[in-house]
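Fold and geometry: a report
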Amino acid sequence: MRKHIVAGNWKMNNTFNEADDLLNSIMEQLEEKELPRDTQVIVCPPFPFLEMTSDYANDSYFMVGAQNVSDQEKGAYTGEVSAAMLESMEIDYCIVGHSERRAYYGETNKTVAAKVDQLLKHGLKPIVCVGEVLEEREANRQFEVVKQQVEEGLFHLDAEHLQQVVIAYEPVWAIGTGKTATPEQAQEIHHYIRTLLAQKYGDAVANEISILYGGSCKPSNAKELFACPDIDGGLIGGASLKAEDFIGIVTAF
Ligand code: PGA
């Protein structure tokens, strides 16, 4: 059966000491909980704090993810971080195609596909974000947009590689806005994504892929969202910056 996953995306937040404090609190609070075996907690800090996060993770129950990776293997790409570097630091996951990367840094479905390939080549699990912007939702184009993102970002993979991927549906109008998709809206798209996967790879493969919801997910709405049959957890931004809120979401299954 597929895993339940809660991944915290810190984005560009926290200084070194703040990161240290937050990791310490997350570790302490996780120690007090008995998490079900199929629940996976992932913390995705900015690059400079990956090593510190890994040190904490070694003594705790969570895994570590990066927020971005280069689409190139190595070489003269100033400021970039390669999948081989992340692999050498034993990083487990990496977010790809976040709407902020798509909107502000020109990430396209094509670069998403190239980044996914780099990560899989180096044994990391991609967390691939998809989701429509408000105008697309208002024009009822959410299915078409998500379909194209899933197909162009992932459908070049064979089934074995696809099974290493986690998908995050994040309606852009819900990210950081306090406006969460209703469980019905989220479930509808999650089910649609799983149907697309099933059509291409078969039911068995589609049922193994964890599909996370992201967008103003908090302790107060996580239970309802995670109770939906095709929602396997969350990608958490704002609420991952407070240990109490983050753990409140982790324990919402
Ligand atoms: P949010 O961000 O929880 O702050 O809405 C989610 C995300 O961008 O992954």
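What this report covers is the structure whose coordinates are included nearby. (Residues numbered from 1 in each chain as written. Predicted model: local features only at pLDDT ≥ 70, side-chain atom pairs only at ≥ 80, totals over all residues. Heavy atoms only, no water.)

This paragraph deals with the environment of Asp92. As for its placement among the helices and strands, Asp92 is situated in the loop between α3 (83–88) and β4 (93–96). Sequence-distant contacts of Asp92, that is, excluding residues within four places in its chain, are made with Met63, Val64, Leu124 and Lys125. (Helix = DSSP H or I, 4+ residues; strand = E, 2+ residues; numbered from the N terminus. Contact = heavy atoms within 4.5 Å.)

Residues Val166 and Ala168 line one face of strand β6 (residues 166–169) and the alternating positions Ile167 and Tyr169 line the opposite face, and both faces are buried. The pairing of strand β5 (residues 125–130) with β6 spans four bridges and is classified as parallel. Directly across from Val130, in β6, lies its bridge partner Tyr169. For β6 and strand β7 (residues 211–214), the ladder comprises three bridges, and the chain directions are parallel. If you follow Ile167 over to β7, its bridge partner there is Ile211. (Buried < 20%, exposed > 50% of the residue type's maximum accessible area, 1.4 Å probe, protein only. Pairing = 2+ DSSP bridges.)

Among all residues except glycine, the phi angle is most often negative; among peptide bonds, the trans geometry is most common. Phi is positive for Asn14, close to 85 degrees, though the residue is something other than glycine. Relative to the helices and strands, Asn14 is located in the loop between β1 (4–9) and α1 (16–31). Its relative accessible area of 25% is what places Asn14 among the partly exposed residues. Despite not being glycine, Asn140 shows a phi value in the positive range, around 60 degrees. When you line up the elements, Asn140 lands in the loop between α6 (134–138) and α7 (142–154).

Before going further, it helps to examine the nonpolar core. Note on soluble globular proteins: their nonpolar side chains tend to be buried together. Judged by nonpolar contacts, the single largest core of 70 residues is most densely connected at Ile26, Leu86, Ile193 and Leu197. For this core, the element with the most residues is helix α9 (residues 183–201), which contributes seven residues. With sequence-adjacent residues up to four places away left out, Ile193 is seen in contact with Val130, Val146, Val150, Ile167, Tyr169 and Ile211. Among the nonpolar cores identified, the runner-up in size contains twelve residues, and Ala7, Ile127, Val166 and Leu235 belong to it. (Core = buried A, V, L, I, M, F, W, Y, C linked by side-chain atoms within 4.5 Å.)

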